Amino acid sequence: AQSVTQLDSQVPVFEEAPVELRCNYSSSVSVYLFWYVQYPNQGLQLLLKYLSGSTLVESINGFEAEFNKSQTSFHLRKPSVHISDTAEYFCAVSLSGGYNKLIFGAGTRLAVHP
Amino acid sequence: EPEVTQTPSHQVTQMGQEVILRCVPISNHLYFYWYRQILGQKVEFLVSFYNNEISEKSEIFDDQFSVERPDGSNFTLKIRSTKLEDSAMYFCASSENGGATEAFFGQGTRLTVV
């Protein structure tokens, strides 16, 4: 079975500071990896995903995540956060191939302060 | 941009009543999912649906739950006899090609059982 651990439930940070949200996963088979973002009172939006190929993936709004197979991690980073990045961030995995469900971590609440 | 739409956005029901949560997935998508998020907890998989049948369900998805694609565009989740612990945000999602592509989520239906 697969599982996802997000090590930090809350991350407070000042505007323009760098941030890293940590995600580790457990799986005995190949997985796809995702980061979803949930803004207050909204649904889940895909931020970025790793399916194969380059281990560093980037989003359009400056976030990036690196797949590290040996450490079974997929940490999310941004070099300089904005107030508007305040949201809940969920790491998720799915089995590669087929119609497989997403298994989510518990989420990390990123709070960006001025 | 195509999106998954869910109705209603908020439903209040009395314990023991039946509720139907409605979703319109993206039109060319083939895989459909329901997830739920109890307040303050992680997003949990309920059920996946492909080719007009359930492809996988979680242990949460017991006999009180059912899903249906009644007319080729809607995808519904029915809870036959609601319990207080069914109170949660329910998210519908669809994807074009299962786990290999992005799952698009609706805005959610907040179900409150009183």
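Details of the structure are given in the entry above.
Just so you know, these numbers come straight off a predicted model, no measurement behind them.

A. Focus on the nonpolar core. All names here are of chain A. Ranked by size, the top nonpolar core spans 29 residues in total, and within it Trp-35, Leu-48, Phe-74, Leu-76 and Tyr-89 carry the most contacts. Elements supplying a minimum of two residues to this core: strand S2 (10-14), strand S3 (19-21), strand S5 (31-38), strand S6 (44-50), strand S8 (64-68), strand S9 (73-78), strand S10 (87-95) and strand S12 (108-113). When residues no more than four places from it in sequence are discounted, the contact partners of Leu-76 are Val-19, Glu-20, Leu-21, Trp-35, Leu-47, Leu-48, Phe-63, Glu-64, Ala-65 and Tyr-89.

B. Inspection of the interface of chain B and chain A at higher detail. The partner chain A presents 21 residues to the 22 residues of chain B that form the contact. Counting the surface lost from both chain B and chain A, the interface buries some 1800 Å², and carbon and sulfur atoms represent 56% of this. Here chain B is connected to chain A by 1 salt bridge. For Lys-101 of chain A, the salt bridge is made with Glu-56 of chain B, and the minimal N-O distance between the two is 2.4 Å. When contributions to the side of chain B that touches chain A are tallied by element, the ones reaching two or more residues are strand S4 (31-37), strand S5 (43-50), strand S6 (53-57) and strand S10 (103-105) of chain B. Among the residues making up the side of chain B that touches chain A, the classes are represented as 10 nonpolar, 9 polar and 3 charged.

C. Just the sheet that holds strand S1 (residues 5-7) of chain B, in detail. Residue and element names in this part refer to chain B. Read across the open sheet, the 4 strands follow the order S1-S3-S8-S7; overall the sheet is antiparallel. In the strand order of this sheet, the two ends are held by S1 and strand S7 (65-68), each with one partner. Ignoring strand direction, the axes of neighbouring strands in this sheet form an average angle of 20 degrees. Pairing of strand S3 (residues 19-24) with strand S8 (residues 75-79) involves 5 bridges; the strand directions are antiparallel.

D. Main features of the state of the cysteines. Applying the stated criterion across every chain yields a total of 2 disulfides over all chains. Here Cys-23 of chain A engages in a disulfide with Cys-91 of chain A; their sulfurs sit 1.9 Å apart. For the disulfide bridge between Cys-23 of chain A and Cys-91 of chain A, the dihedral angle about the S-S bond is near -65 degrees, and by the sign convention the bridge is left-handed. Taken together, the positions of Cys-23 of chain A in the loop between S3 and strand S4 (24-26) and Cys-91 of chain A in strand S10 put the pair 68 residues apart, joining distant regions of the chain. A single burial state applies to Cys-23 of chain A and to Cys-91 of chain A, both of which are buried. Between the sulfur atoms of Cys-23 of chain B and its disulfide mate Cys-92 of chain B the distance is 1.9 Å. Measuring the twist about the S-S bond at about -65 degrees, one finds the Cys-23 of chain B-Cys-92 of chain B disulfide to be left-handed.

E. The pattern of salt bridges, seen in detail. All names here are of chain A. Taken as a whole, this structure holds 8 salt bridges over all chains when the rule is applied. Notably, a salt bridge pairs Arg-22 with Asp-8, separated by 2.9 Å at the nearest N-O pair. Highlighted residues: Arg-22 in the loop between S3 and S4 and Asp-8 in the loop between strand S1 (3-5) and S2, separated in sequence by 14 residues. Judged by relative accessible area, which is 32%, Arg-22 ranks as partly exposed.

F. View of the packing of aromatic side chains. Within this structure, the stated rule accounts for 18 aromatic pairs over all chains. Where Phe-63 of chain A meets Tyr-89 of chain A, the ring centres are 5.5 Å apart and the plane angle is 45 degrees; that geometry is what we call tilted. Remark: Tyr-89 of chain A occurs in strand S10 and Phe-63 of chain A occurs in the loop between strand S7 (56-58) and S8; sequence separation between them is 26 residues. As far as burial versus exposure is concerned, Phe-63 of chain A and Tyr-89 of chain A are alike and both buried. The rings of Phe-34, Tyr-36, Phe-90 and Phe-104 of chain A together with Tyr-33, Tyr-35, Phe-45, Phe-91 and Phe-105 of chain B are connected pair by pair, giving a single aromatic cluster. We note Lys-101 of chain A situated over the ring of Phe-45 of chain B; from NZ or CZ to the ring centre the distance is 5.5 Å.

Cut-off values and rules
- Residues numbered from 1 in each chain as written.
- Chains lettered and ligands numbered in written order.
- Predicted model: local features only at pLDDT ≥ 70, side-chain atom pairs only at ≥ 80, totals over all residues.
- Heavy atoms only, no water.
- Core = buried A, V, L, I, M, F, W, Y, C linked by side-chain atoms within 4.5 Å.
- Buried < 20%, exposed > 50% of the residue type's maximum accessible area, 1.4 Å probe, protein only.
- Helix = DSSP H or I, 4+ residues; strand = E, 2+ residues; numbered from the N terminus.
- Contact = heavy atoms within 4.5 Å.
- Buried area = accessible area lost by both parts, 1.4 Å probe.
- Salt bridge = Lys/Arg side-chain N within 4 Å of Asp/Glu carboxyl O.
- Nonpolar A, V, L, I, M, F, W, Y, C, P; charged D, E, K, R; others polar.
- Pairing = 2+ DSSP bridges.
- Axes fitted to C-alpha atoms, helices over the stretch in contact; angles between N-to-C directions.
- Disulfide = S-S within 2.5 Å.
- Phe/Tyr/Trp six-rings, centres within 6.5 Å; stacked < 30°, edge-to-face > 60°.
- Lys NZ or Arg CZ within 6 Å of the ring centre and 35° of its normal.

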